[in-house]
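Residue-level listing of the chains:
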Amino acid sequence: MVSAVSPYTDEQIAVWLRGLLTVAWADGHFDPEEQTLIGELTQTELAPKTELGKVESITAKELARTLGGDQGLAENFMRTAVMVAIADGVYSSSEDDILHDFCVALDLPPKLLESLRLTLNYRPEDGGAPMSDFSQADQPDLLAPMREWLDHLEVHDPRLARFLCKMIPPQCPFERDVKLFGQKVVHIPPMCKLNPLYDQLVGLRFRALTYLADECQEDVTKYC
């Protein structure tokens, strides 16, 4: 395995990963024990040579002290933060609040998130229109600015690449029916139908895998 030269310092990566975990925990689906397990996974598998300290949520001000002042660095962090937020196919208000605070603290225009907010009220179980409707051929692609912005993200650090390969599913989850007492209560389409930014997620995961395999010469089969 080759040790690739990263443009980011250990401190920047430590703060970066804490920022991504803060977004991942935004919906409150992780209890303290689960947060500890994720923290240990991050430390031992994704960044074993990086001192992360206590892996916990980070405030916008803390994030800005390390990642602020460099627009390119700040934008790349925000791109990965958005990817983590949409990885499950639903963009929530709690995730939006955190990303908005991060944008302001990093001196990035909050308007970056405007098109993504169009999906905030979508919930498939409520019978809403599929999120894929945002990009139908017969109407303007309202998420086009977000697609273009996300596609500019490049991966240049093995620790970040491993995190993305862990966070983004390796394949589109299958559609399924949720049943209660033997009766179907909701039909959930496959993730690639739910998430209009699914192609951006897949593209990012592919770039991360390619970077680990080609630049770092790591065995990436464990991520496939």
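Counting of residues starts from 1 at the beginning of each chain's written sequence and follows it residue by residue. A pLDDT threshold of at least 70 governs which residues receive local features in this predicted model, and a stricter bar of 80 or more applies before side-chain atom pairs are shown or counted, although totals over entire chains, interfaces and linings include all residues. With hydrogens and water set aside, each side-chain value is computed from the structure's full complement of heavy atoms.

- Looking at an unreviewed UniProt entry, one finds the chain named Nitrogenase and attributed to Thermocoleostomius sinensis A174.

### Here's the deal with the nonpolar core
Part 1: What makes a nonpolar core is a set of buried Ala, Val, Leu, Ile, Met, Phe, Trp, Tyr and Cys residues whose side-chain atoms join them at distances within 4.5 Å. When a residue's accessible area, from a 1.4 Å probe over protein chains only, is under 20% of the maximum for its type it is buried; when over 50% it is exposed; and in between it is partly exposed. Grouped together as the largest cluster of nonpolar side chains are 56 residues, with contacts concentrated most on F77, M78, L99, F102 and L106.
Part 2: Per the convention used, a helix needs a DSSP run of H or I reaching at least four residues, while a strand needs a run of E reaching at least two, with both numbered from the N terminus. Every element with two or more residues in this core is listed here: α1 (10–24), α3 (60–67), α4 (71–86), α5 (93–105), α6 (144–150), α7 (158–167) and α9 (198–215).
Part 3: Per element, the largest residue contribution to this core is 10 residues, and it comes from α4.
Part 4: Only heavy atoms matter for contacts: two residues are in contact if any of them lie within 4.5 Å across the pair. Discounting chain neighbours no more than four positions away, the residues touching F102 are G19, T22, V23, I58, T59, A60, L63, F77 and M78.

### A closer look at the packing of α7 against α9
Part 1: Look at α7 against α9: their axes get within 9 Å of each other, and the N-to-C directions meet at 135°. Relative to α9, the element α7 lies oblique. Every pair of crossing elements has a handedness; the one defined by α7 and α9 is left-handed. Across the interface between the two elements, P158, A161, R162, L164 and C165 of α7 pack against L204, R205, A208, L209, Y211 and L212 of α9.
Part 2: Only Asp, Glu, Lys and Arg are considered charged, only Ala, Val, Leu, Ile, Met, Phe, Trp, Tyr, Cys and Pro nonpolar, and every remaining residue, Gly among them, polar. In terms of residue class, the contact of α7 with α9 is built from nine nonpolar, no polar and two charged. Throughout, an axis means a line fitted to C-alpha atoms (over the contacting stretch in the case of helices), and angles, computed between N-to-C directions, take values from 0 to 180 degrees. Should an angle fall under 35 degrees it is taken as roughly parallel, and over 145 as roughly antiparallel, whereas 65 to 115 is taken as roughly perpendicular and any remaining angle as oblique. Crossings are classed by handedness, with left-handed meaning an anticlockwise turn of the near helix from the far one by less than a right angle and right-handed meaning a clockwise turn.

### Quick notes on unusual backbone geometry
Trans is the common state for peptide bonds, and a negative phi is the common state for residues other than glycine.
Part 1: If you check the backbone angles, D107 has positive phi at about 60° while not being a glycine.
Part 2: Relative to the helices and strands, D107 resides in the loop between α5 and α6.
Part 3: Exposure remark for D107: the relative accessible area of 69% places this residue in the exposed category.
Part 4: Positioned with a positive phi, Q217 is a non-glycine residue whose angle comes to about 55°.
Part 5: Mapped onto the fold, Q217 is located in the segment after α9.

### Re the packing of aromatic side chains
Part 1: Centres within 6.5 Å are what make two rings of Phe, Tyr or Trp a pair, Trp counting through its six-membered ring; a difference in plane orientation under 30 degrees is then read as stacked, over 60 as edge-to-face, and the rest as tilted. All told, the structure shown has three aromatic pairs when counted by the stated rule.
Part 2: When the ring of W16 is compared with that of F77, the centres are 6.0 Å apart and the planes differ by 80°; the resulting orientation is edge-to-face. A residue pair is termed long-range when its members are at least 10 positions apart, and W16 in helix α1 and F77 in helix α4 qualify at 61 residues.
Part 3: According to the relative accessible area criterion, W16 is buried, its value standing at 1%.
Part 4: For F77, a relative accessible area of 0% puts it in the buried group.
Part 5: Between F77 and F102, the ring centres sit 5.7 Å apart and the planes meet at 55°, which makes this aromatic pair tilted. A residue pair is termed long-range when its members are at least 10 positions apart, and F77 in helix α4 and F102 in helix α5 qualify at 25 residues.

### Comments concerning the confidence of the model for the chain
Part 1: Per residue, pLDDT measures the predictor's confidence, with a range of 0 to 100. Per-residue confidence for the chain averages 74 on the pLDDT scale, and 64% of its residues sit at or above 70.
Part 2: When pLDDT is averaged over each element of the chain, α3 comes out on top at 95 and strand β2 (residues 183–188) at the bottom at 47.
Part 3: This stretch, residues 123–139, has a pLDDT under 50; its non-local contacts, to residues over four places away or in other chains, come to 26 contacts.
Part 4: Between residues 184–189, whose pLDDT stays under 50, and residues either more than four places distant or in other chains, the model counts 19 contacts.

### Thoughts on α7
Part 1: With eight of its 10 residues buried, α7 lies for the most part within the structure.
Part 2: Listing the buried residues of α7 in full gives P158, R159, L160, A161, R162, F163, L164 and C165.

### Quick notes on the pattern of salt bridges
Proximity of charged atoms lets side chains of opposite charge pair with each other.
Part 1: By convention in these notes, a salt bridge is any Lys or Arg side-chain nitrogen within 4 Å of a carboxyl oxygen on Asp or Glu. For the structure shown, the criterion picks out five salt bridges.
Part 2: The residue R159 makes a salt bridge to D10 at a minimum N-O spacing of 2.6 Å. With R159 in helix α7 and D10 in helix α1, this pair connects stretches of sequence that are 149 residues apart.
Part 3: A salt bridge links D96 to R117; its shortest N-O distance comes to 2.9 Å. Taken together, the positions of D96 in helix α5 and R117 in the loop between α5 and α6 put the pair 21 residues apart, joining distant regions of the chain.
Part 4: Look at D96 and you get buried, because its relative accessible area is 7%.
Part 5: What emerges from the salt-bridge pattern is a single network uniting D10, D157 and R159.

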